[in-house]
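# Descriptive structure summary
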Amino acid sequence: MFSKKKILYLVLWVIASILLAILAAGIIELISYSLVDRLSLTAVLYGTLITQGIILGLMVGPIAWKMIYVDGVRGKKYVEKE
């Protein structure tokens, strides 16, 4: 059902999405600190964005997998053989 390559690919997409969420949270926090003296809901902000990052990674990962390894967008040598 899932090959090791596909699982690794999905995990890497989730990690990339989490890192993007952390970056977005940091930028939002930096802007909010410049506008307000303190941010009382930092954990909620990071938790929400990291959760969204995981969901985004799980949504985009299979689409990218299909494009690259099933449809062969990068060339036929990358197409996974059953």
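Coordinates for the structure precede this section.
Here goes a summary of the coordinates provided. All values reported here derive from a predicted model rather than from experimental measurement.

Here we take up the overall build of the protein. Looking only at helices and strands, one finds two helices and zero strands in the protein. For the protein, the proportion of contacts with a sequence separation of at least 24, taken over those separated by at least 6, is 60%. For the protein, the exposed surface amounts to about 6,200 Å²; the carbon and sulfur share of it is 73%.

Together, Phe-2, Ile-7, Leu-8, Val-11, Leu-12, Ile-15, Leu-19 and Ile-22 give the surface a local cluster of nonpolar side chains, amounting to about 730 Å² of exposed area. Relative to the helices and strands, Phe-2 is located in the segment before helix H1 (4–35). Overall, Phe-2 belongs to the partly exposed group, its relative accessible area being 46%.

Moving on: the nonpolar core. Grouped together as the largest cluster of nonpolar side chains are five residues: Tyr-9, Ala-64, Trp-65, Ile-68 and Tyr-69. A per-element tally of this core places helix H2 (residues 42–70) first, with four residues. With residues near it in sequence (within four places) discarded, Ala-64 still touches Tyr-9 and Trp-13.

The next point concerns the packing of aromatic side chains. Centre-to-centre distance and the angle between the planes together describe a pair of aromatic rings. Here the structure, examined in full by the defined rule, presents two aromatic pairs. Residues Tyr-9 and Trp-13 carry aromatic rings whose centres are separated by 6.5 Å and whose planes lie at 65 degrees to one another, so their mutual orientation is edge-to-face. Here Tyr-9 pairs with Trp-13, and both are found in helix H1, just four residues apart, close to one helical turn. For Tyr-9, a relative accessible area of 15% gives the class buried.

Turning to the side chain of Ser-17, a few remarks are in order. Assignment of secondary structure puts Ser-17 in helix H1. Taking the relative accessible area as the measure of exposure, Ser-17 reaches 6% and is therefore buried. Within the local environment of Ser-17, its side chain forms a polar contact with the backbone nitrogen of Gly-57, the two atoms lying 3.3 Å apart. Excluding residues within four positions of it along the chain, Ser-17 makes contact with Gly-53, Leu-56 and Gly-57.

Conventions adopted
Residues numbered from 1 in each chain as written. Predicted model: local features only at pLDDT ≥ 70, side-chain atom pairs only at ≥ 80, totals over all residues. Heavy atoms only, no water. Helix = DSSP H or I, 4+ residues; strand = E, 2+ residues; numbered from the N terminus. Contact = heavy atoms within 4.5 Å. Areas by Shrake-Rupley, 256 points an atom, 1.4 Å probe, with all protein chains shown as cover. Patch = residues over 30% accessible without salt bridge, like charges linked within 9 Å, V, L, I, M, F, W, Y side chains within 5 Å. Salt bridge = Lys/Arg side-chain N within 4 Å of Asp/Glu carboxyl O. Buried < 20%, exposed > 50% of the residue type's maximum accessible area, 1.4 Å probe, protein only. Core = buried A, V, L, I, M, F, W, Y, C linked by side-chain atoms within 4.5 Å. Phe/Tyr/Trp six-rings, centres within 6.5 Å; stacked < 30°, edge-to-face > 60°. Polar contact = N/O pair within 3.5 Å; in protein donor to acceptor, adjacent residues only side chain to side chain.

Functional significance is not addressed by these values, which are geometric in nature.
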